[in-house]
Amino acid sequence: MPIFTARDGTELAYHVRGEGEPLVCLPGGAMRASAYLGDLGGLAAGRRLVLLDLRGTGDSAVPADESTYRVDRQVADVEALRIHLGLERMDVLAHSAAGNLAQLYAAAHPDRLRRLALITPTCWAVGLDSTPERRLEVVRKRAGCEPYDTAIAAYERILGILEAGGTPAPAHWRETMPLAYGRWDDEVRAHVEASGREKNAAAGAVFAGPGAFDPPATRAALRRVAGEVLVLAGELDSNPTAGLAAELAGLFPRAVADVQPGGAHFPWLDDPRWFATRVERFLATGA
């Protein structure tokens, strides 16, 4: 397990899977260890996946200053990894909440990205979000059987609590988990169960804290990104929706949005072959 040292002295770990051109992989969660990414649906067959454990997660050390869990302060960790790997420009894949880290990295280092794959990314860094109505429209497509009817009812309760200014309980979110996947079986349930062990909840609470984002400045900076970008949404994912993915792609000079049929928030689990083929084609030929 390789280790490198961040600018503030924190020792960070990454895990390598596969052979070939390196692909730096940033996990979401927020602040979940990279183990949940697995081999990204077989993407490791043609790429050397460099799976970063963000500070305080997985095999990476806990920083002395826990305010450095804030996502904008982790941009320096990604740059330190690039330098450690000896890459002039790099290919990056970022999932879910790490989409914000990748967007901020792209804004800060627009010439260091060759190709960037944003997989079901959230878009807080650029001030984009789906409306409750659009989210419900997506999740209600799965109505008519269990466990989805129960999960949809829980999702509706969560949106009501949020609209009233409240905070949903963790149990409410757990009830919605079938909606995060395109299928619901023992493998997927194990993936969900592992989340509690792999996430650093305290770090996740800091990740998108006050001061983390300046959407107008980030949007302006993304216009200078030299590399090509893929924004991949899942057909069944409510965040981001396909429309939101297209909006995000429109902020980059050279980007394309695509939607994985039958995919949700973890598309490499829903249809590994489709996912790996689509991402590898983008990495090989661009947007």
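Note that the structure is predicted; figures quoted are calculated from it, not measured. Counting restarts for each chain, with residues numbered from 1 along the sequence as it is written. Selection of residues for local features in this predicted model requires a pLDDT of at least 70, selection of side-chain atom pairs for listing and counting requires 80 or more, and totals for whole chains, interfaces and linings are taken over all residues. Working from all heavy atoms in the structure, the side-chain values ignore hydrogens and water.

1. Here's the deal with the overall build of the protein
Helix and strand counts for the protein stand at 11 helices and eight strands. A compact globule built from 287 residues should have a C-alpha radius of gyration of about 19 Å, and the protein, at 18 Å, falls within 12% of that. Expressed along its principal axes, the backbone C-alpha trace of the protein runs to roughly 50 × 40 × 40 Å. Exposure categories follow from relative accessible area, calculated using a 1.4 Å probe and restricted to protein chains: below 20% of the type maximum is buried, above 50% is exposed, and the middle band is partly exposed. Counting only residues that meet the buried cut, the protein has 53% of its 287 residues in that class. Within the protein, contacts between residues at least 6 apart in sequence are counted, and of these 74% link residues at least 24 apart. Here the Shrake-Rupley method, with its probe set to 1.4 Å, supplies the accessible areas, and only the displayed protein chains count as covering residues. Counting only carbon and sulfur atoms, one obtains 52% of the accessible surface of the protein, whose full area is about 11800 Å². A gap of 4 Å separates the mean positions of the 31 positive and 37 negative side-chain charges of the protein. Strands are runs of DSSP state E lasting at least 2 residues, helices are runs of H or I lasting at least 4, and numbering of each runs from the N terminus. Only the C-alpha atoms count toward the radius of gyration. The rule for a globule is 2.2 Å times the residue count to the power 0.38. Contacts are assigned to residue pairs that have any heavy atoms within 4.5 Å of one another. A positive count includes Lys and Arg, and a negative count includes Asp and Glu. His and the chain ends are not counted in either. In plain terms, the charge of a residue is placed at NZ if it is Lys, CZ if Arg, CG if Asp and CD if Glu.

2. Quick word on the environment of Glu21
Relative to the helices and strands, Glu21 is located in strand E3 (residues 21-26). Classification of Glu21 as exposed rests on a relative accessible area of 54%. Each C-alpha atom, one on Glu21 and one on Asp237, is 30 Å from the other, the two residues being 216 residues apart in sequence.

3. Quick word on the pairing of strand E7 (residues 228-234)
Looking along a regular strand, one sees the side chains alternate between the two faces of the sheet. Most of E7 sits out of view: seven of its seven residues are buried. Pairing between strands requires that DSSP locate at least two bridges from one strand to the other. Sheet topology places strand E6 (residues 113-119) next to E7; five bridges connect them, and they run parallel. Within E7, the residue paired with Ile119 across the bridge is Leu232. Examined bridge by bridge, E7 and strand E8 (residues 255-260) share six bridges and lie parallel to one another. Counterpart to Val231 in the pairing with E8 is Ala257. Whether a crossover is right-handed depends on one test, that the path from the first strand over the helix to the second runs clockwise when the strands point away from the viewer. For the crossover from E7 across helix H9 (residues 242-249) to E8, the handedness is right-handed.

4. Quick look at unusual backbone geometry
Of note, the bond from Gly29 into Ala30 is cis; its omega dihedral lies within 30 degrees of zero at -5°. Here the bond from Glu146 into Pro147 is cis, since omega is 10°, no more than 30 degrees from zero. Among the structural elements, Pro147 can be located in the loop between helix H3 (132-139) and helix H4 (148-163). Of note, Met31 is a non-glycine position whose phi angle comes to about 65°, a positive value. Tracing the sequence through the fold places Met31 in the loop between E3 and strand E4 (47-52). Backbone geometry places Leu40, a non-glycine residue, at a positive phi of 55°. Among the structural elements, Leu40 can be located in the loop between E3 and E4.

5. Some words on the pattern of salt bridges
When a carboxyl oxygen of Asp or Glu is within 4 Å of a side-chain nitrogen of Lys or Arg, the pair counts as a salt bridge. Throughout the structure, instances matching the rule amount to 19 salt bridges. In this structure, Arg55 engages Asp77 in a salt bridge whose closest nitrogen and oxygen atoms are separated by 2.7 Å. Residue Arg55 is found in the loop between E4 and helix H1 (75-85), and its partner Asp77 is found in helix H1; the two are separated by 22 residues along the sequence. An identical accessibility class is assigned to Arg55 and Asp77; each is buried.

Any functional reading would require information that these geometric values do not contain.
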